[in-house]
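A look at the structure
Residues per chain, in single letters:
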Amino acid sequence: MPSRKGQTISEAKLARLLEYNRNLKEQLDIPRITVSEASSSIIDYCNETKDALLPSIWGPIDKKDDPFTPINNRGCCIIM
């Protein structure tokens with residue numbers, strides 16, 4: 001009986017290792033970019049995207065482009 005228990009433990013360990021190996025192989029297929037490319041992309045995004053919270057850098061932002069502008073709901077009541 002002890003040999004059967006040892007065999008099931010070994011089978012469980014093998015299954016866990018096979019699953020781990022499969023996950024590692026899947027991660028190899030994930031496309032990667034270099035750090036310099038990622039940094040350049042972030043810098044470009046920050047230079048091109050206006051931030052409503054930084055008007056000192058970007059200047060005043062139109063009300064239609066400002067996501068923090070309060071929405072005026074006319075003719076409607078909100079009941080809480």
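The shown structure was predicted, so the numbers you read here are calculated from the model rather than taken from an experiment. (Residues numbered from 1 in each chain as written. Predicted model: local features only at pLDDT ≥ 70, side-chain atom pairs only at ≥ 80, totals over all residues. Heavy atoms only, no water.)

**Description of the overall build of the chain**
- A tally of helices and strands in the chain yields three helices and zero strands.
- Going from N to C terminus, the chain has its helices and strands arranged as α-α-α.
- Out of the 80 residues belonging to the chain, those deemed buried represent 1%.
- Carbon and sulfur atoms make up 60% of the accessible area of the chain, which amounts to about 8000 Å² in all. (Helix = DSSP H or I, 4+ residues; strand = E, 2+ residues; numbered from the N terminus. Buried < 20%, exposed > 50% of the residue type's maximum accessible area, 1.4 Å probe, protein only. Areas by Shrake-Rupley, 256 points an atom, 1.4 Å probe, with all protein chains shown as cover.)

**Some details on the confidence of the model for the chain**
- Summing up the model confidence of the chain, the mean pLDDT is 83 and the portion of residues at 70 or higher is 85%.
- Looking across the chain, the model is least confident in helix α3 (residues 55-58), with a mean pLDDT of 78, and most confident in helix α2 (residues 35-48), with 94. (pLDDT = per-residue confidence, 0-100.)

**Observations regarding the pattern of salt bridges**
- Throughout the structure, instances matching the rule amount to two salt bridges.
- For the salt bridge of Glu19 with Arg22, the shortest nitrogen-to-oxygen distance reads 2.4 Å. Linking Glu19 with Arg22, this pair stays in helix α1 (residues 2-28), spanning three residues, or about one helical turn.
- On the basis of relative accessibility, which here comes to 37%, the residue Glu19 falls in the partly exposed class.
- Taking relative accessible area as the criterion, Arg22 reaches 38% and is therefore assigned partly exposed.
- In this structure, the salt-bridge partner of Glu26 is Arg22, at a minimum N-O distance of 2.3 Å. Of this pair, Glu26 and Arg22 are both found in helix α1, four residues apart, which corresponds to roughly one turn of the helix.
- Salt bridges sharing partners connect three or more residues here, namely Glu19, Arg22 and Glu26. (Salt bridge = Lys/Arg side-chain N within 4 Å of Asp/Glu carboxyl O.)

**What to know about the environment of Lys50**
- You can see Lys50 is positioned in the loop between α2 and α3.
- As for Lys50 and Ile61, which are separated by 11 residues in sequence, their C-alpha atoms are 8.4 Å apart.

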